[in-house]
Amino acid sequence: MRGGLPRLTRIARVIEENAQVRTFVLEATVEADPGQFVMVWLPRVDEKPFSLVDADPVTITVAKVGPFTEKLHRLKIDDKIWFRGPLGHGFELNGEHILLIGGGYGVAPLAFLAQRAVGAGRQVTAAIGARSRAELVFPQRFARLGCSVILATEDGSAGVRGLVTDVVESLLEREGVDAVYACGPEAMLDRVLELCQGHGLSCQLSLEKYMRCGLGVCGSCQRGGMLVCRDGPVFTFRPH
Ligand SMILES: Cc1cc2nc3c(=O)[nH]c(=O)nc-3n(C[C@H](O)[C@H](O)[C@H](O)COP(=O)(O)OP(=O)(O)OC[C@H]3O[C@@H](n4cnc5c(N)ncnc54)[C@H](O)[C@@H]3O)c2cc1C
């Protein structure tokens, strides 16, 4: 089976990113591309997909939104956790000046991509958005990795007031960006796609869809004839 049987490991570190979001560093490593995900399994609870924030060690960042993530948030250092993967198709690193656009926990796979891109000598700008300062995820992580960081909050409590996509237009015009990557809420991704099409740029978007098997078997993550787990979660959109 692709991704193998769930692999048992333990939690090495828990980082509280904000009131709803925690990062779990596991005592495991995998070979993975940024944008790939793992299926995390908690026996007698469920199995759910989470993007890799790092592969060495395996790191995931989890927003508490429902029953599974509530149980996950209760786990402590040394507790057992199981995962399958890495699964899916990740980002392809293109361009010399890349722009990353992340909303909410959508920054998770982009942080992994930023690490690889900076390591490969690319110039990286990260535009991160949330409703408020308290809900921003990784406001410092991208700067530590060597990216230029632009923050946007809807209430203006940090960075530019407004949606992260409001700052994207001027970045595309001013900064000589030649590759765009985004992950976040659907409305944000729709706007990123529209802006990229308008500027004649390709973009790679990580899409989210409710997922069961993660292997392209059950069909629950179908979207426009494609399966998000098997054909994505990263899809490339080229200009018309
Ligand atoms: C490839 C991929 C990568 C992901 N990476 C991350 C990550 O890095 N961090 C992170 O926090 N989350 C990530 N997710 C999302 C996470 O897997 C889900 O939010 C998961 O469902 C949470 O489980 P839960 O039981 O806590 O909440 P759920 O009860 O599953 O609910 C979570 C949300 O999903 C909605 N939902 C529930 N069932 C369905 C359904 N059948 N169809 C559509 N929507 C539904 C609910 O309304 C609710 O808003 C990722 C998802 C995918 C597909």
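Just so it is clear, the model here is predicted, and its values are computed rather than measured.

Cut-offs applied
Residues numbered from 1 in each chain as written. Predicted model: local features only at pLDDT ≥ 70, side-chain atom pairs only at ≥ 80, totals over all residues. Helix = DSSP H or I, 4+ residues; strand = E, 2+ residues; numbered from the N terminus. Buried ≥ 20, exposed ≤ 12 C-beta atoms within 10 Å, placed from the backbone. Contact = placed C-beta atoms within 7 Å. Pairing = 2+ DSSP bridges. Domains from an automatic or database assignment. Nonpolar A, V, L, I, M, F, W, Y, C, P; charged D, E, K, R; others polar.

Visitor: Could you clarify how one ought to interpret the overall build of the protein in this entry?
Guide: Helix and strand counts for the protein stand at six helices and 16 strands. When its C-alpha atoms are laid out on the principal axes, the protein stretches across 50 × 40 × 30 Å. Counting all 240 residues of the protein, 45% fall into the buried class. Counting only contacts in the protein whose residues sit at least 6 apart along the sequence, the fraction spanning at least 24 positions is 62%.

Visitor: So what exactly am I meant to see when it comes to the sheet that holds strand β2 (residues 21-26) here?
Guide: Across a sheet, strands are paired by hydrogen bonds formed along the backbone, either parallel or antiparallel in direction. Spatial ordering of the open sheet is given by β4-β3-β7-β1-β2-β6-β5, a layout of seven strands whose pairing is antiparallel. Either end of the sheet is taken by a strand with one partner, and the two such strands are β4 (46-51) and β5 (54-55). Where β5 meets strand β6 (residues 58-63), two bridges bridge the pair, whose relative direction is antiparallel. Within β6, the residue paired with Ala-55 across the bridge is Val-58.

Visitor: How should the domain arrangement of the protein be read in this particular structure?
Guide: It is common to give the size of an interface as the accessible area lost on bringing the parts into contact. The assigned domain composition of the protein is domain 1 (7-87) and domain 2 (97-208 + 219-224 + 233-237). Computed over C-alpha atoms only, the centres of domain 1 and domain 2 are separated by 22 Å. Taken together, the residues of the side of domain 1 that touches domain 2 break down into seven nonpolar, four polar and two charged.

Visitor: Can you walk me through the sheet that holds strand β16 (residues 234-237) in this structure?
Guide: Taking strand neighbours across the sheet as the criterion, the seven strands line up as β11-β10-β9-β8-β12-β13-β16 in an open arrangement whose pairing is mixed. Both edges of this open sheet fall to β11 (160-161) and β16, since each of them pairs with a single strand only. Bridge analysis of strand β9 (residues 123-130) against strand β10 (residues 148-153) gives six bridges, and the strand direction is parallel. Bridging from a neighbouring strand, Ala-126 pairs with Val-149 of β10.

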